[in-house]
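# Overview (structure and organization)
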Amino acid sequence: MIPRSITLAMVLLLGCRDRQPTSAIAAPASPDIHVDTWGDHWLLEEANRYLDDPAHRRRSLNASLTQHDNSYSRQRLDHYALGATGWDLLPAWNPVSVPITDAPATSLEGVAPLWDGRRPDSIAAWVELGRAVFFRYPLREESYLEHALARPALARAVGIAQTSDGSYPGAVRFRDIDGGTKIGLTCALCHTDLEGGALVVGRARRSFDYGRMRLAYHADTGAPVDAELARRMATWGPGRADVTEDRDEDPVAIPDLWGLRDQQYLTQAGTIRHTGPAALAIRQETQLLNSNHERVRPPRELAWALAMYLYSLRAPARPAGVPSLLARGESLFNEHCVECHGNAAGGGPLVTAARVGTDPALATGHGRGTGRYRPPSLIAVGTAGPFLHDGSLATLEDLFSTERLAPTYRGVHGVRAVPGHLWGTDWSAPDRTAMLAWLRAR
Ligand code: HEC
Ligand code: HEC
């Protein structure tokens, strides 16, 4: 077996194989963000403000919630950074957690906790700690995953896969807060992909069928499940999940995590205004304590480290493309698309759901809704898909064709029209070809 330190290094390189950033976090590309604001020095100072000043956290939370009335915002406004009450009183949990491999499980006795308790003093050290959190911090105990891991055929069918070194990214064995040894899931289960056994960190695991994995557990063990929830989980399909615990039916595609730094809004409905790294760190801090049923919170250093790691992720290299097509595609894009897709990642400000015209359920949902959608990053969009927030279109060709507008269209989720986002659909075939070539080279 290859030593773990070497495989980690390989994996890091694979995650950034197109270009080596000079700093762990690339220099800002967006003209409307001041260079100083994202420099290493500023990021390290901002880390201290986030970690040491509850008033700063509270202000950052307020500024980062797009729409204060959805349940995502309300829950955070009611509990976050209040000092004497709410989530500040939860104990910080620094777990003992090891990756799951084919090797027989050994005891967790004597294994050091994920974090050594020292605050990193460079961005590179923050990124390295963030990587450990991304792969090893358990969101919670996950019986569904444990069940699938014990059944190789089921695991394969739902997208639980092994890297060439035999580990299952996103699955860990850990000591839970009650002292028991459990199987848990981590960020890497949904936000890494495997290409011939090699890891692509940050690409959505589009083969991961969370609904089917959960339903298999209920079918095999007889553990009861709410009939309505079971019906809904069967409709998610690979690469999608309904991440809100409400009755709204709004499953959402797992996004690629490229270019987050340059996005003004986070999540497909733009639930979070990305006012700075504290906005992302708060998202991660509250996601982790929520997934763990509000019993513990992560040490804030780990939430900040996750944010630094997410910013450092780079998409693999894209094909070069044919220069004449690219030139035409770029000029069409600048004329028709930059209004919404104009930031350095190819995303932009929120657009009302009515104007985009795609399925409005997520935008108007009680959970994360803002009434609007966020133009997603277009980095490596050629290897993304299914497209749109709900993953309803299999290919980029489908997005720019009029066939999908007819009720007889067979999309990813059955026979029905997929309306909205009409930009480019009425173009000539050569123009559409040029646009597709340009998008695929991004
Ligand atoms: C069960 C699958 C799953 C797991 C596990 C998971 N995510 Fe996600 N993630 C999603 C989905 C689905 C979305 C889209 C949510 C939305 O748009 O409302 C998402 C969205 C995000 C976003 C916003 C991206 C954007 O383009 O705005 C970030 C950042 C993110 N996840 C990071 C993480 C981190 C860090 C972890 C671990 C703490 C994690 N996720 C765990 C499925 C998952
Ligand atoms: C008025 C704003 C607006 C304009 C103009 C616009 N878009 Fe979009 N675009 C969006 C929004 C919002 C979404 C997300 C919609 C959703 O998920 O329901 C989106 C989604 C996309 C996606 C899907 C990405 C993915 O990963 O799912 C692509 C590709 C895209 N746009 C390309 C283009 C191109 C090319 C043009 C110009 C021909 C264009 N857009 C014009 C707002 C716009």
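Residues numbered from 1 in each chain as written. Chains lettered and ligands numbered in written order. Predicted model: local features only at pLDDT ≥ 70, side-chain atom pairs only at ≥ 80, totals over all residues. Heavy atoms only, no water.

## Things to note about the coordination of the iron atom of ligand 1
Formally: Donor atoms (N, O, S) are those found within 2.8 Å of the metal centre, with the cutoff raised to 3.2 Å for Na, K and Ca; water is not part of the atom list, so apparent gaps in a site can occur. In this description a helix means any DSSP run of H or I spanning at least four residues, a strand means any run of E spanning at least two, and both kinds are numbered starting from the N terminus.
You will see that the iron atom of ligand 1 has only one donor from the protein, His-191 (NE2), lying 2.0 Å away. Residue placement: His-191 occurs in helix α8 (residues 188–191).

## Looking at the coordination of the iron atom of ligand 2
Our working definition: Four donors are marked tetrahedral only if all angles between them lie between 85 and 135 degrees, whereas four are marked square planar and six octahedral if opposite donors are more than 155 degrees apart and the other angles lie between 65 and 115; the remainder are marked irregular.
Bound to the iron atom of ligand 2 on the protein side are His-341 (NE2) and His-421 (NE2), at distances that span 2.0 Å. With six donor atoms in place around the iron atom of ligand 2 and angles of 87 to 180° between them, the coordination shape is octahedral. Linking His-341 in helix α14 (residues 338–341) with His-421 in the loop between β14 (414–415) and α18 (429–440), this pair joins segments that are 80 residues apart in sequence.

## Side note on the domain arrangement of the chain
Keep this limit in mind: A domain assignment, automatic or from a database, supplies the domain bounds used here. Should any heavy atoms of two residues lie within 4.5 Å, those residues are counted as being in contact. Accessible area that two parts lose when put together, with a 1.4 Å probe and added across both, is what the buried area reports. When a carboxyl oxygen of Asp or Glu is within 4 Å of a side-chain nitrogen of Lys or Arg, the pair counts as a salt bridge.
Per the domain assignment, the segments making up the chain are domain 1 (4–312) and domain 2 (323–440). A separation of 27 Å is found between the C-alpha centroids of domain 1 and domain 2. Every contact between the two is made by 35 residues of domain 1 and, on the other side, 33 residues of domain 2. The junction of domain 1 with domain 2 conceals about 2,600 Å² of combined surface from both sides, 52% of it contributed by carbon and sulfur atoms. The three residues of domain 1 that bury the most area against domain 2 are Gln-263, Gln-268 and Ala-269, which together make up 21% of that side's buried surface. The interface formed by domain 1 and domain 2 contains one salt bridge.

## A closer look at the packing of helix α13 (residues 323–336) against α18
Just so we agree on the cut-off: Fitted lines through C-alpha atoms give the axes, limited to the stretch in contact for helices. The angle between two N-to-C directions lies from 0 to 180 degrees. Angles are sorted into four bins: roughly parallel if under 35 degrees, roughly antiparallel if over 145, roughly perpendicular if 65 to 115, and oblique for all others. When residues are sorted by character, Ala, Val, Leu, Ile, Met, Phe, Trp, Tyr, Cys and Pro go into the nonpolar class, Asp, Glu, Lys and Arg into the charged class, and all the rest, Gly among them, into the polar class.
Running from amino to carboxyl end, α13 crosses α18 at an angle of 95°, the nearest separation of the two axes being 7 Å. Put simply, α13 runs roughly perpendicular to α18. When α13 is examined against α18, the residues Leu-325, Leu-326, Arg-328, Gly-329, Glu-330, Leu-332 and Phe-333 are found in contact with a partner set consisting of Asp-431, Ala-434, Met-435, Ala-437 and Trp-438. Partitioned by chemical class, the residues of the contact of α13 with α18 number eight nonpolar, one polar and three charged.

## Observations regarding the pairing of strand β3 (residues 171–175)
Put simply, the rule is: A 1.4 Å probe rolled over the protein chains alone gives each residue an accessible area, and that area as a share of the maximum for its type sets the label: buried under 20%, exposed over 50%, partly exposed in between. Whether two strands pair comes down to DSSP finding at least two bridges between them.
Of all five residues making up β3, four are buried, and the element is well covered by its neighbours. Where strand β1 (residues 97–99) and β3 come together, three bridges link them in antiparallel fashion. Note that in β3 the partner of Val-98 across the bridge is Arg-173. Hairpin connection between β3 and strand β4 (residues 181–185): a loop of five residues separates the two successive antiparallel strands, and Gly-179 in this loop has a positive phi of roughly 95°.

## Observations concerning the site of ligand 1
Going by this rule: Think of it this way: one heavy atom of a residue within 4 Å of a molecule or strand is enough to make that residue near it. Polar contact is defined as a pair of N or O atoms within 3.5 Å, subject to the rule that within protein one atom must be able to donate a hydrogen and the other to accept it, and that residues adjacent in sequence are counted only when both atoms are side-chain atoms.
Taken together, 24 residues surround ligand 1, and among them Cys-187, Cys-190, His-191, Thr-267 and Arg-368 come closest. Note that an oxygen atom of ligand 1 is positioned 2.9 Å from one of the backbone N or O atoms of Gln-268. Elements with a minimum of two residues in the shell around ligand 1: α8, β8 (252–253), α11 (277–291) and α12 (300–312). By residue number, the principal contributor to the shell around ligand 1 is α11, which donates five residues.

## A word on the side chain of Ser-64
Relative to the helices and strands, Ser-64 is located in helix α3 (residues 54–64). In this structure, Ser-64 is in contact with Thr-271, Ile-272, Arg-273, Thr-275 and Ala-279, ignoring residues within four places of it in sequence.

## Comments concerning the sheet that holds β4
The strand order across the open sheet formed by four strands is β1-β3-β4-β2, and the pairing between neighbours is antiparallel. Single-partner strands in this sheet number two, and they are β1 and β2 (140–141).

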